[in-house]
Amino acid sequence: SQKIEQNSEALNIQEGKTATLTCNYTNYSPAYLQWYRQDPGRGPVFLLLIRENEKEKRKERLKVTFDTTLKQSLFHITASQPADSATYLCALVMDSNYQLIWGAGTKLIIKP
Amino acid sequence: SAVISQKPSRDICQRGTSLTIQCQVDSQVTMMFWYRQQPGQSLTLIATANQGSEATYESGFVIDKFPISRPNLTFSTLTVSNMSPEDSSIYLCSGADRSTDTQYFGPGTRLTVL
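Residues numbered from 1 in each chain as written. Chains lettered and ligands numbered in written order. Predicted model: local features only at pLDDT ≥ 70, side-chain atom pairs only at ≥ 80, totals over all residues. Heavy atoms only, no water.

A.B. asks: Which residues make up the overall build of chain B, and what values do they have?
C.D. replies: Each helix and strand counted, chain B has zero helices and 11 strands in total. Going from N to C terminus, chain B has its helices and strands arranged as β-β-β-β-β-β-β-β-β-β-β. Scaling as 2.2 N^0.38, a compact globule of 114 residues should have a C-alpha radius of gyration of about 13 Å, and chain B matches this with 13 Å. Once the C-alpha set of chain B is aligned to its principal axes, its extents read approximately 40 × 30 × 25 Å. (Helix = DSSP H or I, 4+ residues; strand = E, 2+ residues; numbered from the N terminus. Rg over C-alpha atoms; globule rule 2.2 N^0.38 Å.)

Encoded structure:
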């Protein structure tokens, strides 16, 4: 069966450390993968997109890797801050119809 | 980027009634979508709203229960019909900009059905 897995348990990280979130998928061949941030009571906010032919993408303190052989994406936040605390969602985009297939998200808590 | 607004932001409704949620985008987007999200759960796509034609529904969602309109490129409505407590959820509208392959989301509508 097809599925997308993100850590269901909250991830607690000390401020200043690097937070690493995982997105694994099975039985999909996505054209690209996206990461979103969602705060309580709000809609998701787009962060980064990485295509199947890209290994790594960076934006400020954020870094995403994409391994199509392992069927895994890693999302890193360096020099983490309490303001980074939120739920982070990964989403796969399969093809031209542009529908996103969503993971359930991982709650990240950055402790001062 | 696009800014998406939704209204109402929340509502409490009685069983058997209907609620229409409005979604407005501040710029033209190529595609608009409606999602449902239960607390702590992933987003579930209800349908793709097509301009000037019938929406494309995902498995498990039907037009009689969730009629959708999109009269122009920047506006769409979702109606939740004949509501039951199981329809209690957050409903999210999004718009996709294919030039950047990015989806922008509205703040959501929190619906509670009693």
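Back to the write-up after that little detour.
A.B. asks: So what about unusual backbone geometry? Which residues, and what values?
C.D. replies: In this structure, P8(B) follows K7(B) across a cis peptide bond, with omega equal to 0°. In this structure, P8(B) sits in the loop between β1 (4–7) and β2 (10–13). The phi dihedral of E60(A) falls on the positive side, at around 55°, and the residue is not glycine. Secondary-structure assignment places E60(A) in the loop between β6 (56–59) and β7 (62–67). In this model, A79(A) sits at a positive phi of 45°, which is unusual for a non-glycine residue. Inspection of the secondary structure puts A79(A) in the loop between β8 (72–77) and β9 (86–93).

A.B. asks: Tell me what's going on with the side chain of R36(B), and back it up with residues and numbers.
C.D. replies: Examined against the element boundaries, R36(B) turns out to sit in strand β4 (residues 31–37). Leaving out residues up to four positions away in the same chain, R36(B) has contacts with S42(B), L43(B), T44(B), I46(B), F61(B), F66(B), D87(B), S89(B), I90(B) and Y91(B). (Contact = heavy atoms within 4.5 Å.)

The values reported here are purely geometric and, on their own, carry no functional implication.
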